Structure formats: C-alpha cells, structure tokens
Amino acid sequence: MFVFGDSLIDDGNNNNLSSIAKANYYPYGIDFFQGPTGRFSNGKTVIDVLCDLLGLPYLPPYTSLGLNGTRLLGGVNYASAAGGILDETGEYLGERFSLDQQVLNFENDLNELRTLMGGERNLSQYLARSIVVMVFGSNDYINNYLLPPLYPTSYKYTPEEYANLLLNHYTRQILALYSIGLRKFVLSGVGPLGCIPNQRASGFTPADRCVDRVNQMVGLFNVGLRSLVQQLNTNHPGAIFVYGNTYGALGDILNNPSAYGFTVVERGCCGLGRFRGQITCLPFSVPCLDRSQHIFWDAFHPTQAVNLILGQRAFTGPPNDMYPVNVQQLAQL
C-alpha cells in the first residue's frame, strides 16, 4: 500500500521538516502503542486501521532513516501535514510535501523497488497489485481558500472554479502514478470541514451549527471527484479507481453520534479556546479523559474511535461508502 495525503494520514513525515505542522509530541499518540510518532491523532489513523485489516505492517514514513531494501516492500507513507493539491497550500506553516512533491518522492523510491524486484517485469506486477490511497483537498480549503488575505484564491475563483482547479491538478498527478504502473486507487473525498472545531470556532455560525458555506464548498469538490472516478474507470479499463465517501460517513457519525457511542460532537479533546478549536493541541497539554466519547481529537482531526469506524467502512462498506468497490474487494481483484 502506497499512501499520499495530508495530516489525516501522515505518520511522521513532518517530524524532521522545518514546520509548525507537527504531532511528534505528547499528548498526540497517547493511546498509540508507540506513543507520539507524528500521527495527528490520539491513536491510529485510518491507514493504520486498513493495515490491520489487510494484514500489512504499519507503513514507514518516507522520511524515516534507513528506509530501503525490504522495508519498502509492504508500502510507504508519503503523506505530509499541511500538504495540498496545490503547491502553495499550507506554505505559511513551513516545509511540507505537496501532492507534486509526494509523487516525486515516490518516484525516488522506484529505482530501489526495481532492484529489489529484480527487473521491470516483476516491478510492474508488484505495482499493479499494490493499493494506492490518496487523501487530499482539506488543506486546499482550510490552509488556502478559506484564508484571505493570506491567499488570494477566494478573490480569484468562485467555489465551483476552485473545485475544478483542484480536480484538474489532482487528475494530472493521479495519471502520473497510473503511467508508472499503479492500477488500484482509492481517492478519498473531503469530510464536512464546516463541522470541525476549527471552523465552528470561527464564529461564523450559531454554536450548535456547522458552517454550511464551507460544507457546500467541499461538496462541490466531492461531487467532482466522484464523477472523476467514473470517468477514470471508463477511460482506463485495466485499472480500478474507487471514490471514498468520507463526507457521508463522517456526516452520518455527526448526525447520529449516540448510535456510534459518541457524546461530544462539536468540541476537540485537546486544544484551547472556543470548542477547543482556536488553538490546536500544544505540547504536554492535558487532553480529555473520555476520548472514546469524542468525535474530534483536536481542532482539525478525528479521534482514533472515529478512525476505526471510517477504516472499517472503507474496508467492508457498501457502494454508498466506497464506490464502485470497497478496499476488501479491491485487494482481491
């Protein structure tokens, strides 16, 4: 499994970068067996959950020392906190790997993989059987479009135009990975960003409401991504592209929290200010004790409890969650 994305699935790539977007300190990882690793959660990410379900070892981050030889074979995590589809997204937070750079980083590992596999033919079989997971888009809104005047994109583009700009750039890089020989893609939609503590804390909305304007924006991106998946499947019959309906799954949890065992919907477990969402989780802050009751861990990211649900739905969910097939079916193809 080769994964590309942002802090929702980063497992330590930013630790040694000059960046504000890091999570390699307590209380991040408070419920993870290795403690703080650079994962932006109290415990497992969705990728860790998928590794458990697929029987894969947890993926090493691209930047981990001595990442060569057989350590590459189970897959690599290229995701980087604050990274976006657009290169300039998240720039004000410091160094990060954008989508373009993550694809280049993967290409850097290809020679090593080719050598390990003993040639091109074995490599192409290996790549065709591997699963690619891509989780992008959130930062292109939170750390770009929704930050005027730091970023001019919201003056230059309507929400529709911006979603199309993102999807056009995204498509180019998805096809770059396809041309290298990867054939199984999971493309995750963006969750309801208007409901995260960081956006609720913006004061643009009544205390008990999500920011609808933001949810409508990401809705345009998701609709476009789902139709892109259909288009890619039509045009590339030898490959399979899957749309992950993160918005629907997380929306379901937010709308029916008690059905899933959650009691705290709008507030982070670790953070400061309104909804614990104005300043994110600082080193050695004291997090909430009832973490399994919280949907959000910090101002931006879900708890392990939510990631376990999302991972399971990605693995075995119906076509409404994972279209046209789920990860379990994808692995068997």
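The structure displayed is predicted, hence computed values, not measured ones.

Calculation notes
- Residues numbered from 1 in each chain as written.
- Predicted model: local features only at pLDDT ≥ 70, side-chain atom pairs only at ≥ 80, totals over all residues.
- Heavy atoms only, no water.
- Disulfide = S-S within 2.5 Å.
- Helix = DSSP H or I, 4+ residues; strand = E, 2+ residues; numbered from the N terminus.
- Buried < 20%, exposed > 50% of the residue type's maximum accessible area, 1.4 Å probe, protein only.
- Core = buried A, V, L, I, M, F, W, Y, C linked by side-chain atoms within 4.5 Å.
- Contact = heavy atoms within 4.5 Å.
- Phe/Tyr/Trp six-rings, centres within 6.5 Å; stacked < 30°, edge-to-face > 60°.
- Lys NZ or Arg CZ within 6 Å of the ring centre and 35° of its normal.
- Expected span 1.5 Å × (residues − 1).
- Pairing = 2+ DSSP bridges.
- Axes fitted to C-alpha atoms, helices over the stretch in contact; angles between N-to-C directions.
- Left-handed = near helix turned anticlockwise from the far one by under 90°.
- Nonpolar A, V, L, I, M, F, W, Y, C, P; charged D, E, K, R; others polar.

(A) Structural context of the state of the cysteines. All chains considered together, the criterion is met by 3 disulfides. In this model C195 forms its disulfide with C210; the gap between the sulfur atoms is 2.2 Å. Taking the torsion about the S-S bond as the criterion, the C195 to C210 disulfide, at about 110°, is right-handed. With C195 in the loop between strand 4 (184–188) and helix 7 (197–200) and C210 in the loop between helix 7 and helix 8 (212–235), the pair connects residues that are 15 residues apart, well separated along the chain. The class for C195 is buried, based on a relative accessible area of 5%. A sulfur-sulfur distance of 2.1 Å marks the disulfide that ties C269 to C288. Here C269 and C288 share a disulfide; its torsion about the S-S bond, -110°, makes the bridge left-handed. Taken together, the residues C269 in the loop between strand 6 (264–268) and strand 7 (271–272) and C288 in the loop between strand 8 (279–280) and strand 9 (294–296) connect sequence positions 19 residues apart.

(B) Local environment of the nonpolar core. Among the nonpolar cores identified, the biggest contains 85 residues, and M134, Y141, Y170, F185 and F221 are the most heavily contacted of them. If near-sequence neighbours (up to four positions away) are discounted, Y141 is found in contact with L146, Y162, A163, L166, L193, M217, V218 and F221. The next biggest cluster of nonpolar side chains, apart from the first, holds 13 residues, and it includes A23, Y28, F40 and L93.

(C) Broad picture of unusual backbone geometry. With an omega of 0°, the peptide bond running from P148 to P149 counts as cis. On the secondary structure map, P149 appears in the loop between helix 4 (138–145) and helix 5 (153–156). Here the amide bond leading from Y323 into P324 is cis, since omega sits at 0°, within 30 degrees of zero. Within the secondary structure layout, P324 lies in the loop between strand 10 (322–323) and helix 11 (327–332). Although it is not a glycine, R276 adopts a positive phi angle of roughly 50°.

(D) Focus on the packing of aromatic side chains. Applying the stated criterion across every chain, the model contains 21 aromatic pairs. With 5.9 Å between their ring centres and 80° between their planes, F4 and F106 make a pair best called edge-to-face. You can see F4 sitting in strand 1 (residues 2–5) and its partner F106 sitting in helix 2 (residues 99–117), a full 102 residues away along the chain. A relative accessible area of 0% places F4 in the buried class. With a centroid separation of 5.9 Å and 90° between ring planes, the pair formed by Y78 and F106 is classed as edge-to-face. Taken together, the residues span a long stretch of sequence, with Y78 in the loop between strand 2 (76–77) and helix 2 and F106 in helix 2 at a distance of 28 residues. Aromatic ring contacts, followed pair by pair, group F2, F4, Y62, Y78, F97, F106 and Y126 into a single cluster. Cation over ring: R183 sits above Y178, and NZ or CZ is 3.9 Å from the ring centre.

(E) Structural detail: helix 8. An ideal rise of 1.5 Å per residue puts 34 Å on 24 residues; helix 8 measures up with 35 Å between its terminal C-alpha atoms. Among the residues making up helix 8, those that are buried are V214, N215, M217, V218, F221, N222, G224, L225, L228, V229, L232 and N233.

(F) Geometry of the sheet that holds strand 10. With mixed pairing, 6 strands are arranged side by side in an open sheet as 2-1-3-4-5-10. Lying at the two open borders of the sheet, with one neighbouring strand each, are strand 2 and strand 10. Examined bridge by bridge, strand 1 and strand 3 (residues 131–135) share 4 bridges and lie parallel to one another. Residue pairing across strands places V3 opposite V133, the latter belonging to strand 3. Strand contacts of helix 2: strand 1, strand 2 and strand 3, with the helix running at about 160° to strand 1, the strand carrying the most contacts.

(G) Structural detail: helix 6 (residues 159–180). In this model, helix 6 (22 residues) spans 32 Å end to end at C-alpha, consistent with the 32 Å of a helix rising 1.5 Å per residue. Of all the residues in helix 6, the buried ones are Y162, A163, L166, L167, H169, Y170, T171, Q173, I174, L177 and Y178. Once helix 6 finishes, G181 follows within two positions and takes phi at roughly 125°, a positive value.

(H) Representation of the packing of helix 6 against helix 8 in the model. Taken N-terminus to C-terminus, the directions of helix 6 and helix 8 make an angle of 35°; their axes are 9 Å apart at the nearest point. Taken as a pair, helix 6 and helix 8 cross one another with a handedness that is right-handed. Contacts between helix 6 and helix 8 involve P159, E160, A163, L166, L167, Y170, T171, I174 and L175 from the former and M217, L220, F221, G224, L225, L228 and L232 from the latter. Of the residues assigned to the contact of helix 6 with helix 8, the class counts are 13 nonpolar, 2 polar and 1 charged.

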